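Residues per chain, in single letters:
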Amino acid sequence: MNFYETLTAAVNDIIEYGFDSKKRIDYWLEKIKKAAEKELIPQHQVQAELEKSLNNAYSRLVTKGGLINKEISRFTIDRLKPKLRAELDRRIMASANLIKYNREDAINNTLRRFEGWATSIPKGGNKTTNKVKQKQDIRKSLGKMPFEQRRVIIDQTHKLISNINNIVAVDNGAIAARWHSHWRQMNYDYRKDHKERDEHIYLIRGNWASEKGLIKAVDGYTDDITMPGEEVYCRCNYVYIYDIGSLPENFLTIKGKKALSQVKK
Ligand SMILES: [Zn+2]
C-alpha cells in the first residue's frame, strides 16, 4: 500500500470503529509512518537538488555578475568572493541537517494530525457526519506532505540570495534598506507584520552618513528586525540605498539637509 492508500484505509477504519482503543490508533500510526517514509523523496535526492539550486543562485549572482549595477562594481564582487563563497559553503553544510529535520517534521506533523483527529472520533465510529466529506478533509490535510518537502529548497535559496545581497551592500557602504513585501502577489501567504514593513526604510547601524550626523532613523534599524528571508518561507527582500539624496526628507538632519543642498549647487 502506498501512502495515500494507507491513509485512506486508516481514515475509513477510524470512521467505522472510532477511538475504541489505543491499540487501534498505534497500529495505524505505525503503518502511516512506514508508508510516509517510503513515499518521501529520498534525503540524498533533496540534498542534491538543494545544492544545485544554491550553486545556481551563487553562480548567477557572483560568478556571472548578477550583482553588478551602477553602485556595485566587478572589483567589489571579486574582492568579496571569499566571504560570499563561505556563505554558500555554510548553507550547503547546514542543509543536510535541515533536510533531515524537515523530513522528521513532515512525518511527525502528519502523525500528530492523524492522532488528533482519530482520538476525537467517538467509540463506535462517526455515524452522524458526512463521511465522504470528512474523509476528503482529513486526507487533504495529511496528503500535502510531499509537496512541502521541496519548500526547503526554495526557502534556503532565498536565504542565500538575501545574505549575499546584504554582505555586498553593507560592504559597499549602503546606508539604509527599503523593505519590499510581495503581499500584493496573488496566492502569496504573506506575514502581516511583513506587509506592514513594506516600503519602510531601515537604517544600517553604524553607516557612514549616521556617523557624520547627516541622517536619523525614522523606522528604526535593520538589526531591530529580522532579515528578509530569515523567517521560514519569507519571500521579502531589501532594496539598498547608498546616498542621502535617495532618502525621504524626514530622514535628513539639519546638517544632512545642508550637506545635500551643497552637493546640489
Ligand atoms: Zn516576509
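This write-up is about the structure you can find in this document. None of these values were measured; they are calculated from a predicted model.

So, on to the environment of V62. Among the secondary structure elements, V62 is positioned in helix α3 (residues 43-63). Judged by its relative accessible area of 0%, V62 falls in the buried class. Residues V62 and L84, 22 residues apart in the sequence, show an inter-C-alpha distance of 8.0 Å. In this structure, V62 is in contact with L67, R74, I77, K81, L84 and I164, ignoring residues within four places of it in sequence.

Under ideal tetrahedral coordination, the four donors around a metal are separated by 109.5 degrees; under ideal octahedral coordination, the six donors are separated by 90 or 180 degrees. Bound to the zinc ion are the protein donor atoms H194 (ND1), C234 (SG) and C236 (SG), situated 2.1 to 2.3 Å from the metal. Written as a sequence motif, the donor arrangement for the zinc ion is H-x39-C-x1-C. In this pair, H194 sits in helix α8 (residues 192-197) while C236 sits in the loop between α9 (208-211) and β3 (237-241), placing the two residues 42 residues apart along the sequence. Of the two residues examined, H194 and C236, each falls in the buried class.

Moving on: the packing of α3 against helix α7 (residues 151-171). Across the interface, α3 lies against α7 with an axial gap of 9 Å and an inter-helix angle of 25 degrees. Compared by their axis directions, α3 and α7 come out roughly parallel. The two elements α3 and α7 cross, and the hand of that crossing is right-handed. Mapping the contact onto sequence places V46, E49, L50, S53, L54, A57, Y58, R60, L61 and V62 in α3 and V152, I153, Q156, T157, L160, I161 and I164 in α7. For the contact of α3 with α7, the residue count by class is twelve nonpolar, three polar and two charged.

Next up on the list: the sheet that holds β3. The sheet built from three strands is open, its strands ordered β2-β1-β3 with antiparallel pairing. Each end of this open sheet is capped by a strand with a single partner; those strands are β2 (201-203) and β3. With strand direction ignored, the average angle separating the axes of adjacent strands in the sheet is 30 degrees. With three bridges joining them, strand β1 (residues 176-180) and β2 adopt antiparallel strand pairing. Each residue of the ladder has a partner; that of A177, found in β2, is Y202.

Taken as a whole and assessed by the stated rule, the structure comprises five aromatic pairs. Lying over the aromatic face of W183, K195 brings its terminal NZ or CZ to 4.4 Å of the ring centre. Across from the ring centre of Y221, 4.1 Å away, lies the NZ or CZ of R205, which sits over that ring.

In this section: the pairing of β1. Pairing of β1 with β3 involves five bridges; the strand directions are antiparallel. Across the sheet, R178 pairs through a bridge with V239, a residue of β3.

On to the nonpolar core, then. Ranked by internal contacts, the top residues of the largest apolar core, which has 34 residues, are V62, L67, L84, I164, V168, Y238 and Y240. Of all the secondary structure elements, the ones that give two or more residues to this core are α3, α4 (74-118), α7, β1 and β3. Other than its neighbours up to four places away in sequence, Y240 contacts N165, N166, A169, A174, A176, A177 and I204.

Moving on: the pattern of salt bridges. Under the defined criterion, the tally for this structure stands at 20 salt bridges. In this structure, R150 and E49 form a salt bridge, with 2.8 Å as the shortest nitrogen-oxygen distance. Within this pair, whereas R150 is found in the loop between α6 (145-149) and α7, its partner E49 is found in helix α3, the two being separated by 101 residues in sequence. Classification of R150 by relative accessible area gives partly exposed; the value is 38%. E231 is the partner of R191 in a salt bridge, and the nearest nitrogen-oxygen pair spans 3.4 Å. In this pair, R191 is assigned in the loop between β1 and α8 and E231 in the loop between α9 and β3, connecting sequence segments 40 residues apart. Using a relative accessible area of 28% as the deciding quantity, one classes R191 as partly exposed.

Reading the values: the criteria
Residues numbered from 1 in each chain as written. Predicted model: local features only at pLDDT ≥ 70, side-chain atom pairs only at ≥ 80, totals over all residues. Heavy atoms only, no water. Helix = DSSP H or I, 4+ residues; strand = E, 2+ residues; numbered from the N terminus. Buried < 20%, exposed > 50% of the residue type's maximum accessible area, 1.4 Å probe, protein only. Contact = heavy atoms within 4.5 Å. Donors = N, O, S within 2.8 Å, 3.2 Å for Na, K, Ca; no water. Axes fitted to C-alpha atoms, helices over the stretch in contact; angles between N-to-C directions. Parallel < 35°, antiparallel > 145°, perpendicular 65-115°, else oblique. Left-handed = near helix turned anticlockwise from the far one by under 90°. Nonpolar A, V, L, I, M, F, W, Y, C, P; charged D, E, K, R; others polar. Pairing = 2+ DSSP bridges. Phe/Tyr/Trp six-rings, centres within 6.5 Å; stacked < 30°, edge-to-face > 60°. Lys NZ or Arg CZ within 6 Å of the ring centre and 35° of its normal. Core = buried A, V, L, I, M, F, W, Y, C linked by side-chain atoms within 4.5 Å. Salt bridge = Lys/Arg side-chain N within 4 Å of Asp/Glu carboxyl O.

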